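Chains, contacts and geometry: an overview
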Amino acid sequence: MSKASWLAQYDAGVPEKIDYEELTIADFLRRSAKQRGDRPALIFLNRRMTYAELDDHVERFASGLAARGVKQGTRVAIQLPNLPQTVIAFQAAMRLGAEVVMTNPLYTLREIEHQWQDSGIELAVVSDFIFAATIEPNLSKLAPKRYITASIPDYLKFPLNLLAPLKLKGESPPKYAKIKEVPGQVERFMTVLKSATGPAPTSDRDLDQVAVLQYTGGTTGPAKGAMLTHRNLSCNAQQIDKWFVGSEPGHEVVLTALPLFHVFGLSVCMNWAILGGNCLLLLPNPRDTETLVKSVAKHRVTLFPAVPALFNSLNNFPGIENIDVSSVKSCFSGSAPIAPDVLKRFEELTGSRILEGFGMSETSPVSHVNPLQGERKIGSVGIPLSDTEAKVVEPGNDDKEMPIGEEGELLVRGPQVMKGYWNRPEASAESLAGGWMHTGDLATVDEQGYFRIVGRAKDMINVSGMKVYPDEVDSVLMAHDAIFEAATIGVPDPKVGETVKSFVVLQPGATLNAEGVKAYARENLADYKVPRHVEFLDELPKSTVMKVLRRELREMEAAKRS
């Protein structure tokens, strides 16, 4: 496939090559605070912060972190929902040259323990309720020696700051907990912020230093940390900025419902917004559709990065026809295909335009997007961004490009592609062989250079944009005394794309029902990975070399559903 094919589809003003500004992620905020200090940076419920205020809080928190031993190269975990503290902690770590591991708040102890041990975390910023429920009872098992706890009410104004603790404590599970501070070990976020005694120390401006270890699952073996450098993240934000021609720096309101612990939310909602001096509308719970819809209308959201489930939830909100959501101009949809009827309905309601795209943790994440003004092909992930190359090759043979319209593995290269996997030289060499990122996704490309993802290699399951790897689920289930074997597949679901189904073979004489399987999984897996469907079999289909044939399980499931 000739690069000229997709370059011909670029909107006017989108360059083939970008003259990148040599900016670290920390530089984004410094510049926006200097140029647009009085502009809103964050909106969180009843609290607004300007860029000048955000920069001040970041500087003070960075000073507090430095006093607690954080310096260039220190590994810091951030395990928070979308709160002001999430942005402040991340930016403060970037300012000190620390390396951040964004950790999913839904993770169980087993998952946290692996990620933090593998990455060598020294300090963790976590929510008060996660600390109380999961961290504090297991301090001896976890890598960090210092913890900073953040509370949702910390950044609320009166009267919500007084009312919120009562409401949050009553939720199931609770979303608020009082934490006892232990000097040198456990401190509250506001304690650290207020302890600053001077400016934060400066770090070397090394764009090729790792900024984020973004953990991504594998179908076999433990999760791997993709090493994303400042250059990777900076270039990707600038690539996105050049793509969205016509956006107004300093005047956009960016819906930030995508979790910032996910690379999609991190890069598109936070890094890109701060690069342009735009406002982040922070929503800590993307499943709260009422708050989402009312916030879009109240704060006049203009840019709406989301996954298909979020578009669909707005479409189906009762009375949406009578709510003014016409401020939305542009939307970026990723992580899963969007149904054409969902896209059409959302665009009718808002008057906006949804652009489907493609990315992965290893590409910071965006590599492909449909044009903003030109031809958009529904069901396609679009064309490669500026400075990005892509090809579809015969699996296992990188030199043989597949003919137009024929399926093969998608390979990508560009300045946004990761440095490699942390402590995984063999996996890095395999994934980056020949200078190309081997995505593991099966794709086709047409005559105009539009790419379409036609399948997910290695049996990955996509639940509302969150990746679930069957081998991990199977491994957990087979640790149960009553389970002999397990095999997991994804099954279609109209709301979330796919849900998890596990086929289970019991030990001879053992008894266990489906609810028991789910309960056990829930103790050891994040909720979105827990099987929603369980079916018991006498044996699993296997090949002649005793490999479980998930293909046959999928065919069997499809036949039943048809």
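Refer to the structure above for everything that follows.
Residues numbered from 1 in each chain as written. Predicted model: local features only at pLDDT ≥ 70, side-chain atom pairs only at ≥ 80, totals over all residues. Heavy atoms only, no water.

Moving on, we get to unusual backbone geometry. At the junction of Phe158 and Pro159, the peptide bond is cis and its omega measures out at 5 degrees in the coordinates. On the secondary structure map, Pro159 appears in the loop between strand 6 (146-150) and helix 7 (160-169). Here Ser364 and Pro365 are connected by a cis peptide whose omega angle stands at 5 degrees. Relative to the elements of secondary structure, Pro365 occurs in the loop between strand 14 (353-359) and strand 15 (366-369). One non-glycine residue, Asn423, adopts positive backbone phi at about 60 degrees. As for its placement among the helices and strands, Asn423 is situated in the loop between strand 20 (420-421) and helix 14 (425-431). At Ser464, a position not held by glycine, the phi torsion is positive, near 55 degrees. Looking at where Ser464 falls in the secondary structure, it is placed in the loop between strand 23 (461-463) and strand 24 (466-468). (Helix = DSSP H or I, 4+ residues; strand = E, 2+ residues; numbered from the N terminus.)

Attention now moves to helix 6 (residues 128-135). Since there are 3.6 residues in each turn of an α-helix, residues three or four apart along the chain are aligned in direction. Helix 6 sits mainly inside the fold: six of its eight residues count as buried. When we look at burial in helix 6, the residues that qualify are Asp128, Phe129, Ile130, Phe131, Thr134 and Ile135. The inward-facing, buried residues of helix 6 abut strand 3 (75-79), helix 5 (109-119), strand 5 (123-127), strand 6 and strand 7 (186-188). (Buried < 20%, exposed > 50% of the residue type's maximum accessible area, 1.4 Å probe, protein only. Contact = heavy atoms within 4.5 Å.)

Looking at helix 2 (residues 25-35), one finds that the buried residues are Ile25, Ala26, Asp27, Phe28, Leu29, Ser32 and Ala33. Tucked inside the fold, the buried residues of helix 2 contact helix 3 (51-67), helix 4 (84-96), helix 9 (230-243) and helix 10 (263-275).

Our focus in this paragraph is the packing of helix 11 (residues 289-298) against helix 12 (residues 308-315). Relative orientation of the contacting elements helix 11 and helix 12 amounts to 80 degrees, with a least axis distance of 10 Å. Relative to helix 12, the element helix 11 lies roughly perpendicular. Packed against helix 11, whose contacting residues are Thr289, Leu292 and Val293, the element helix 12 presents Leu310, Ser313 and Leu314 at the interface. (Axes fitted to C-alpha atoms, helices over the stretch in contact; angles between N-to-C directions. Parallel < 35°, antiparallel > 145°, perpendicular 65-115°, else oblique.)

Our focus in this paragraph is the packing of helix 9 against helix 10. Between helix 9 and helix 10, the shortest axis-to-axis distance is 9 Å and the interhelical angle comes to 80 degrees. As summarised for this structure, helix 9 and helix 10 are arranged roughly perpendicular, according to the angle between their axes. For the pair helix 9 and helix 10, contact is made by Leu233, Ala237, Gln238, Ile240 and Asp241 and by Ser267, Val268, Asn271, Trp272 and Leu275, respectively. Residues that form the contact of helix 9 with helix 10 fall into these classes: six nonpolar, three polar and one charged. (Nonpolar A, V, L, I, M, F, W, Y, C, P; charged D, E, K, R; others polar.)

On to the state of the cysteines. Throughout the structure, instances matching the rule amount to zero disulfides. The cysteine Cys269 is free of any disulfide, with Cys331 supplying the nearest cysteine sulfur at 12 Å. Relative accessible area serves as the criterion here: at 0%, Cys331 is assigned to the buried category. (Disulfide = S-S within 2.5 Å.)

In this section: the pattern of salt bridges. A full pass over the atoms with the stated rule returns 37 salt bridges. Note that Lys377 is salt-bridged to Asp446, the shortest N-O span being 2.6 Å. Of this pair, Lys377 sits in the loop between strand 15 and strand 16 (383-384) while Asp446 sits in the loop between strand 21 (437-445) and strand 22 (451-456), and the two are 69 residues apart along the sequence. Asp446 shares its class with Lys377; the two are buried. One continuous salt-bridge network, built from bridges that share partners, spans Lys501, Glu535, Glu557, Lys560 and Arg561. (Salt bridge = Lys/Arg side-chain N within 4 Å of Asp/Glu carboxyl O.)

Going through the model one piece at a time under the given rule, you end up with 12 aromatic pairs. Their ring planes at 45 degrees and their centres at 6.4 Å tell us that Trp116 and Tyr147 sit as a pair that is tilted. Separated by 31 residues along the polypeptide, Trp116 in helix 5 and Tyr147 in strand 6 bring together distant segments of the chain. Through a chain of ring-to-ring contacts, the aromatic side chains of Phe244, Phe264, Trp272 and Phe332 assemble into a single cluster. The residue whose ring lies beneath Lys175 is Phe129, and the NZ or CZ to ring-centre distance is 5.8 Å. Between Lys224 and the ring centre of Tyr421, over which it is positioned, the NZ or CZ distance is 5.0 Å. (Phe/Tyr/Trp six-rings, centres within 6.5 Å; stacked < 30°, edge-to-face > 60°. Lys NZ or Arg CZ within 6 Å of the ring centre and 35° of its normal.)

Right, let's get into the side chain of Gln85. On the secondary structure map, Gln85 appears in helix 4. Here the side chain of Gln85 touches Asp154 through a polar contact of 3.5 Å, side chain to side chain. Aside from chain neighbours lying at most four places away, what touches Gln85 is Leu80, Ala150, Ser151, Asp154, Tyr155 and Phe189. (Polar contact = N/O pair within 3.5 Å; in protein donor to acceptor, adjacent residues only side chain to side chain.)

Across the six residues of strand 19 (residues 408-413), five count as buried, placing the element largely inside the fold. In this structure, strand 17 (residues 389-394) lies alongside strand 19, joined through five bridges in antiparallel fashion. Bridge pairing in strand 19 links Glu389 to Arg413. As judged from the four bridges shared by strand 19 and strand 21, these two strands associate in the antiparallel manner. Each residue of the ladder has a partner; that of Gly408, found in strand 21, is Ala443. (Pairing = 2+ DSSP bridges.)

To continue, consider the environment of Phe261. Within the secondary structure, Phe261 is located in the loop between strand 10 (253-256) and helix 10. According to the relative accessible area criterion, Phe261 is buried, its value standing at 12%. When residues no more than four places from it in sequence are discounted, the contact partners of Phe261 are Leu80, Met102, Thr103, Asn104, Pro105, Gln214 and Met466.

Attention shifts here to the environment of Ala52. With respect to the secondary-structure elements, Ala52 resides in helix 3. Here Ala52 falls in the partly exposed class, since its relative accessible area comes to 41%. Sequence separation between Ala52 and Ala33 is 19 residues; the distance between their C-alpha atoms is 5.2 Å.

Turning next to the nonpolar core. Counting 170 residues, the largest nonpolar core has Phe61, Phe90, Trp116, Phe189 and Phe304 as its most contacted members. Among the elements that take part in this core, helix 10 stands out by supplying 10 residues, more than any other. If we ignore the near neighbours within four places in the chain, the residues touching Phe304 are Leu255, Leu292, Val296, Phe311, Leu314, Val328, Ser330, Cys331, Phe332 and Phe346. Grouped together as the second largest cluster of nonpolar side chains are eight residues, Ile489, Val491, Phe503 and Leu537 included. (Core = buried A, V, L, I, M, F, W, Y, C linked by side-chain atoms within 4.5 Å.)

For Ile25, the location among the structural elements is in helix 2. Once the C-alpha coordinates of Ile25 and Ala339 are considered, the two residues, 314 residues apart in sequence, prove to be 34 Å apart. Residues in contact with Ile25, not counting those within four places in the same chain, are Phe90, Gln91, Met94, His230, Leu233, Ser234 and Asn271.

Nothing here speaks to function; it is all geometry.
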